[in-house]
Amino acid sequence: MPFVAQPRRALTAEEIRTYQEDGVIMLKQAMDPNWMAMVEAGIEEARHNSSVLGRFMSRKVEGYQMDIFLWKRIDILRDLIYYSPCAELARQLMKSEEVRFFYDQMFVKEPGTDAPTPWHQDLSFWPIRGEQICSFWIPCDPVNRENSGLLYVKGSHRWPQRFKAISPDYVASIIDDDMEDIPDINANPGQYDLIDWDMEPGDILAFHPLTLHGSYGNASRKRRRRALALRWTGDDVIYAPSSKRMPIHYRHASVEGGPLRGGAFPRILPAPDPAERAARLQPERARFGKLAASAMGNAVAAARQTFKRPRTEQLKQTWTTQGEK
Ligand SMILES: O=C(O)CCC(=O)C(=O)O
């Protein structure tokens, strides 16, 4: 028996087609105020009580705060994942029988924070493969391009290229030299079909993990930009770990080449797995040994890259103007 709330309405065939063709869709007022209150409470808890990983991710840019796997320690976000209509919306978009939760991530940019999120494809970061993967980006403040709303290259999820994983904090260990450099999209905006939206709390963006996306810094003087990303997986997703992909610091039972399993990636639909659900009764912190190994791997990769070619040359992306709509 599923526990998730029904969405306000079923998605239309046209909306599902748009998601599949464009690789992104904005769903207007898809989240009721009670769910948004939970998103906001979870973000506020994480803002004031960062995890070790969150502090590591946010170390480089004052005013740009990130955190990850929040739901593992913040109960209201665990409840959002198990009970909100998000899993059902993801099921419809991915056309999947099963929906698992992959992980959540917080992105907060304070007013006046000149910190873009570089253009990237999420799947280049992740230790999974498959087509039925969908992220939701849920802002709890009004957003537009000025205060760092997300921009997408429409249809780029169908491009053959796989681009290097450039994270906002430029984590070296996940930059895979076998992948292509990301083109400097903002330097040649006319060459790309860019799309973005003005959004209100309650609106969500749903996007495919290969759709190129990024955001300007927050140029607003007054408006903070707080957002929570929820990542969902479906039937065809397999676990594909590698030293060049985001490490998972939490317990799970997935085997390389097999489906996602276990407490880190709980099944939500068609019904939760009792053992995975019980595993979350104890809030879990990222395992220290794994964190230490990741930090070491990153330091070695960063040293290697500096030796190979200057980072500025490798990572160049133009994000200096807000670009008129
Ligand atoms: O909020 C941002 O600027 C980045 C969000 C993002 O890249 C994502 O959710 O995949």
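Scroll up a little and you will see the structure.
Quick summary incoming for the structure in this document. On a predicted model such as this, the values are computed, not experimentally measured, just so you know. (Residues numbered from 1 in each chain as written. Predicted model: local features only at pLDDT ≥ 70, side-chain atom pairs only at ≥ 80, totals over all residues.)

1. A look at the overall build of the protein
No. 1: Counting its secondary structure elements, the protein contains eight helices and 13 strands.
No. 2: Here the C-alpha radius of gyration of the protein, 19 Å, is about what a compact globule of 325 residues would show, namely 20 Å.
No. 3: For the protein, the spread of C-alpha atoms along the principal axes amounts to about 55 × 45 × 40 Å.
No. 4: The proportion of buried residues among the 325 residues of the protein is 44%.
No. 5: Across the protein, contacts joining residues at least 24 apart in sequence account for 81% of those joining residues at least 6 apart. (Helix = DSSP H or I, 4+ residues; strand = E, 2+ residues; numbered from the N terminus. Rg over C-alpha atoms; globule rule 2.2 N^0.38 Å. Buried ≥ 20, exposed ≤ 12 C-beta atoms within 10 Å, placed from the backbone. Contact = placed C-beta atoms within 7 Å.)

2. Looking at the site of the ligand
No. 1: Neighbouring the ligand are the residues F107, T117, D122, S135, W137, L150, H213, S215, A227 and A229.
No. 2: Only β6 (133-139), β10 (213-215) and β11 (225-233) provide two or more residues apiece to the shell around the ligand.
No. 3: In the shell around the ligand, the residues fall into five nonpolar, four polar and one charged. (Near = placed C-beta within 6 Å. Nonpolar A, V, L, I, M, F, W, Y, C, P; charged D, E, K, R; others polar.)

3. Some points on the nonpolar core
No. 1: Ranked by internal contacts, the top residues of the largest apolar core, which has 82 residues, are V39, A90, I138, I204, L205, A206 and W232.
No. 2: Each residue touching W232, except ones within four places of it in the same chain, is listed here: A87, A90, M94, V99, F101, F102 and C134. (Core = buried A, V, L, I, M, F, W, Y, C linked by C-beta atoms within 7 Å.)

4. Looking at the environment of N188
No. 1: Tracing the backbone shows N188 in the loop between β7 (151-153) and β8 (194-196).
No. 2: Residue N188 is classed as exposed on the basis of its C-beta count, with 10 C-beta atoms lying within 10 Å.
No. 3: Separated by 130 residues in the primary sequence, N188 and T318 have C-alpha atoms spaced 9.4 Å apart.

5. Digging into the pairing of strand β1 (residues 24-27)
In the case of a regular strand, side chains alternate between the two sheet surfaces.
No. 1: Neither face of β1 is exposed, since V24 and M26 on one face and I25 and L27 on the opposite face are all buried.
No. 2: Bridging between β1 and strand β9 (residues 204-207) involves four bridges; their strand directions are antiparallel. Across the sheet, the residue bridging to M26 is L205, located in β9. (Pairing = 2+ DSSP bridges.)

6. A word on the packing of helix α2 (residues 33-48) against helix α4 (residues 75-83)
No. 1: Put simply, α2 and α4 touch, their axes get as near as 8 Å, and they point 145 degrees apart. Of the two elements, α2 crosses α4, and the hand of that crossing is left-handed. For the pair α2 and α4, the contacting residues are W35, M38, V39, A41 and G42 in the first and I76, L77, D79 and L80 in the second.
No. 2: Classifying every residue of the contact of α2 with α4 gives seven nonpolar, one polar and one charged. (Axes fitted to C-alpha atoms, helices over the stretch in contact; angles between N-to-C directions. Left-handed = near helix turned anticlockwise from the far one by under 90°.)

7. What about helix α5 (residues 86-94)?
No. 1: Of all nine residues in α5, seven are buried; the element is thus mostly enclosed.
No. 2: Residues of α5 that are buried include every one of C86, A87, L89, A90, R91, L93 and M94, and no others.
No. 3: For α5, the elements touching its buried residues are α1 (13-22), β3 (99-109), β6, β9, β11 and β13 (267-269).
No. 4: A positive phi of about 55 degrees marks K95, the residue just after α5.

8. Structural notes on the pairing of β11
No. 1: For β11, a buried count of eight out of nine residues is recorded, marking the element as mostly surrounded by other parts of the structure.
No. 2: One ladder, built from nine bridges, connects β3 with β11; its direction is antiparallel. Bridge pairing links Q105 to A229 in β11.
No. 3: Sheet topology note: the β6/β11 ladder contains seven bridges and is antiparallel. Looking across to β11, one finds that S135 is bridged to R231.

9. Topic: α2
What sets the pattern is the α-helix's 3.6 residues per turn: residues three or four places apart point alike.
No. 1: For α2, built from 16 residues, the straight-helix expectation of 22 Å at 1.5 Å per residue is met to within 8% by its first-to-last C-alpha distance of 22 Å.
No. 2: What α2 keeps buried is the set W35, M36, M38, V39, G42, I43 and A46. One side of α2 holds all its buried residues, which, seen down the axis, span an arc of 155 degrees. In α2, the exposed positions that point more than 90 degrees away from the buried face belong to P33, N34 and H48.
No. 3: Buried positions along α2 lie against α3 (52-57), β2 (64-68), α4, β3, β6 and β11. (Expected span 1.5 Å × (residues − 1). Arc of directions from axis to C-beta.)

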